[in-house]
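Survey of secondary and tertiary structure
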Amino acid sequence: MQNIPSVDLRDFLSDNPERKQKFVNEIGSAFENIGFVALKGHFLDDKLVDELYGEIRKFFALPVETKHNYEIPGIGGQRGYVSFGKEHAKGRKEGDLKEFWHFGQYVDKDSKYAAEYPDNVEVKELPRFNIIGKEAYQMLEKTGVYVLRALALHLGLDEFYFDQYAKEGNSILRPIHYPPITSEPENAIRAAAHGDINLITLLMGAQGKGLQVQNHDGEWIDAIAEDDELVINVGDMLSRHTNNKLKSTIHQVVNPPRELWGTSRYSIPFFMHPVSDMRLDCLENCIDAENPKKFEDITAGDYLYERLVDLGLIKK
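First things first, this report covers the structure right here in the doc. (Residues numbered from 1 in each chain as written. Predicted model: local features only at pLDDT ≥ 70, side-chain atom pairs only at ≥ 80, totals over all residues. Heavy atoms only, no water.)

Side note on the overall build of the protein chain
As a reminder of what qualifies: Numbering of helices and strands starts at the N terminus; helices are DSSP runs of H or I of at least 4 residues and strands are runs of E of at least 2. Exposure classes here rest on a 1.4 Å probe applied to the protein chains alone. A residue is buried below 20% of its type maximum, exposed above 50%, and partly exposed in between. Whether two residues are in contact is decided by their heavy atoms, any of which lying within 4.5 Å being enough.
The helix and strand tally for the protein chain stands at 8 helices and 13 strands. Counting every position in the protein chain, which comprises 316 residues, the buried fraction comes to 55%. In the protein chain, once contacts between residues fewer than 6 apart in sequence are set aside, the share between residues at least 24 apart is 77%.

What follows is the structure, given as structure tokens:
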């Protein structure tokens, strides 16, 4: 496969069973073959997208010492600011050439997960930053729920199978700033080759070159979305749960050509996680003689902890 398939969520949301099934077939096939799609018809409108980009540009333009006020120790970078170069890909020593922010789940105080999730961090210099971040978080989460419903049908499960795990899930909205490159990077790129940890990732900001996906022949393909599209990919949790029937694909963000080193890049992935007590054990209907069980049983919470250690965000 040499390009990323495009699908339209409005097919799934329509009252036409044939259109709904068409979406299920298309996204299921794409996620089995390359693990990525470009999605139209999501719940983010242009106004919200423009406001979100405006707020995150203002945040990353704040003085470094101001941003460091929002870097919270002891929580593995799960909320607030994570400074430049702190995260690295699994198996690499070089930090990625990026800084980022984390918005996390919004739960009621009486939720069983309220004590588990750190509070979101308020940026006092930007009164609209957290308001817009929360709205974007919830629209991306809503989009992700429908994508998971389609995937449940593709897997032969009840359509609402994932709802119980996605509701109040430990999802993260991560606005990323890749600053201008000021000197020759030694073995470092904006985001080294990696697979995502979560169930699915919904990515804003793949409209220009930079994001690359590795196909099953080992070739790197540019993943470039249209202005109205999100790029959505399978994460390692969903790959484990489906015994690798749905493929978590290695991807990277490469450095721009030298003539564009002086420019920033922004992207905003929404990492859709389940609740921590979801079991990621391989689904029985994804195991057979030709596809024996490939992964050990584990909960989502334990798997996330292991991966945050791998990324250097939690020190053992």
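There's plenty left to go through after this.
Regarding the environment of proline 274
Counting through the fold element by element, proline 274 comes out in the loop between strand E13 (265-272) and helix H8 (300-310). In this structure, the C-alpha to C-alpha distance between proline 274 and lysine 167, residues 107 residues apart in sequence, is 7.6 Å. The contact partners of proline 274, leaving out residues within four places of it in the chain, are Tyr165, Gly169, Asn170, Leu199, Met237 and Ala300.

Describing the packing of aromatic side chains
How we decide: Any two of the Phe, Tyr and Trp rings considered here, Trp counted by its six-membered ring, make a pair once their centres fall within 6.5 Å; the pair's planes then place it as stacked at under 30 degrees, edge-to-face at over 60, or tilted in between. Placement of a positive charge over a ring is assigned whenever Lys NZ or Arg CZ falls within 6 Å of the ring centre and within 35 degrees of the normal to the ring plane.
Scanning the model with the defined rule gives 16 aromatic pairs in all. Measuring from ring centre to ring centre gives 4.9 Å for phenylalanine 59 and tryptophan 101, while their planes differ by 65°; the resulting arrangement is edge-to-face. Of this pair, phenylalanine 59 sits in helix H3 (residues 46-60) while tryptophan 101 sits in strand E4 (residues 99-102), placing them 42 residues apart in sequence. Taken as a pair, phenylalanine 59 and tryptophan 101 share a single burial class, namely buried. The rings of Phe59, Phe60, Tyr70, Tyr81, Trp101, Phe103 and Phe129 are connected pair by pair, giving a single aromatic cluster. Just above the ring of phenylalanine 43 sits the side chain of lysine 142; from NZ or CZ to the centre is 4.3 Å.

Here's the deal with the pattern of salt bridges
Pairing between side chains of opposite charge can happen when their charged atoms approach one another. This is how it is decided: Between Lys or Arg on one side and Asp or Glu on the other, a salt bridge is scored when a side-chain nitrogen of the former is within 4 Å of a carboxyl oxygen of the latter.
Applying the stated criterion to the full structure yields 18 salt bridges. For the salt bridge of aspartate 11 with lysine 22, the shortest nitrogen-to-oxygen distance reads 3.3 Å. Here lysine 22 lies in helix H2 (residues 17-33) and aspartate 11 lies in helix H1 (residues 9-13), a separation of 11 residues in the sequence. Residue class for aspartate 11 comes out buried when judged on its relative accessible area of 10%. Residue class for lysine 22 comes out partly exposed when judged on its relative accessible area of 40%. Between glutamate 125 and lysine 124 there is a salt bridge, with its nearest N and O atoms 3.9 Å apart. For lysine 124, a relative accessible area of 68% gives the class exposed. Within this structure, Asp11, Arg19, Lys22 and Glu26 form a network of salt bridges that share partners.

Considerations on the pairing of strand E9 (residues 211-214)
For clarity, the cut-off: DSSP calls a pair of strands paired once it identifies at least 2 bridges connecting them.
Two elements, E9 and strand E12 (residues 251-253), share 3 bridges in a ladder whose sense is antiparallel. Residue pairing across strands places valine 213 opposite histidine 251, the latter belonging to E12. Strand direction decides the pairing type here: E9 and strand E10 (residues 220-222), joined by 3 bridges, are antiparallel. Its bridge partner lying in E10, glutamine 214 is registered against tryptophan 220. As consecutive antiparallel partners, E9 and E10 are separated by 5 residues, and within that stretch glycine 218 has a phi angle of approximately 80°, a positive value.

So, the side chain of histidine 177
What counts here: Any pair of N or O atoms that falls within 3.5 Å is considered a polar contact. Within protein, one atom must be able to donate a hydrogen and the other to accept it, and sequence-neighbouring residues count only if both atoms are side-chain atoms.
Of note, histidine 177 is situated in strand E6 (residues 176-178). Side chain to side chain, histidine 177 and glutamate 99 meet in a polar contact 2.7 Å long. Among the polar contacts listed, one links the side chain of histidine 177 to the side chain of serine 264, at a separation of 2.7 Å. Once residues lying within four places of it in the same chain are set aside, the contact partners of histidine 177 are Phe60, Leu97, Lys98, Glu99, Ser264, Arg265 and Tyr266.

A short note on the nonpolar core
Note the threshold: What is meant by a nonpolar core is a set of buried Ala, Val, Leu, Ile, Met, Phe, Trp, Tyr and Cys residues, joined one to another through side-chain atoms within 4.5 Å.
Formed by 89 residues in total, the largest nonpolar core has its most connected members in Phe59, Trp101, Leu151, Ile200, Met204 and Ile232. Of the residues forming this core, the biggest block, 11 residues, is contributed by helix H5 (residues 129-154). The residues contacting phenylalanine 59, other than those within four sequence positions of it, are Lys67, Tyr70, Tyr81, Trp101, Val123, Leu126 and Phe129.

So, the environment of histidine 177
Residue classification places histidine 177 among the buried positions, given a relative accessible area of 7%. Separated by 89 residues in the primary sequence, histidine 177 and tyrosine 266 have C-alpha atoms spaced 4.8 Å apart.

Re the packing of H3 against H5
For any two helices packed against each other, the geometry is given by the interaxial angle and the distance between the axes. As a reminder, the rule being used: The axes are straight lines fitted to the C-alpha atoms, using for helices just the contacting stretch, and the angles between their N-to-C directions are given from 0 to 180°. Roughly parallel means an angle under 35 degrees; roughly antiparallel, over 145; roughly perpendicular, 65 to 115; everything else is oblique. Each crossing is labelled by how the near helix is turned from the far one, with a counterclockwise turn of less than a right angle marking it left-handed and a clockwise turn marking it right-handed. Charged means Asp, Glu, Lys or Arg here, nonpolar means Ala, Val, Leu, Ile, Met, Phe, Trp, Tyr, Cys or Pro, and polar covers whatever is left, Gly included.
Contact geometry of H3 with H5 gives a least axis separation of 9 Å together with a crossing angle of 135°. When the axis of H3 is compared with that of H5, the two are oblique. Taken as a pair, H3 and H5 cross one another with a handedness that is left-handed. Between H3 and H5, the residues in contact are Leu48, Glu51, Leu52, Glu55, Ile56 and Phe59 and Phe129, Ile132, Gly133, Glu135, Ala136 and Met139, respectively. Along the lines of polarity and charge, the residues of the contact of H3 with H5 split into 8 nonpolar, 1 polar and 3 charged.

A look at unusual backbone geometry
Glycine aside, residues mostly have negative phi angles, and peptide bonds mostly take the trans form. A positive phi angle is found at glutamate 168, which is not glycine, with a value near 65°. If you trace the backbone, glutamate 168 turns up in the loop between helix H6 (163-166) and strand E5 (172-173). Judged by its relative accessible area of 23%, glutamate 168 is partly exposed. A positive phi angle, close to 70°, is found at asparagine 244, a residue other than glycine. When you line up the elements, asparagine 244 lands in the loop between helix H7 (236-241) and E12.

Remember, this is a structural readout, not a statement about activity or role.
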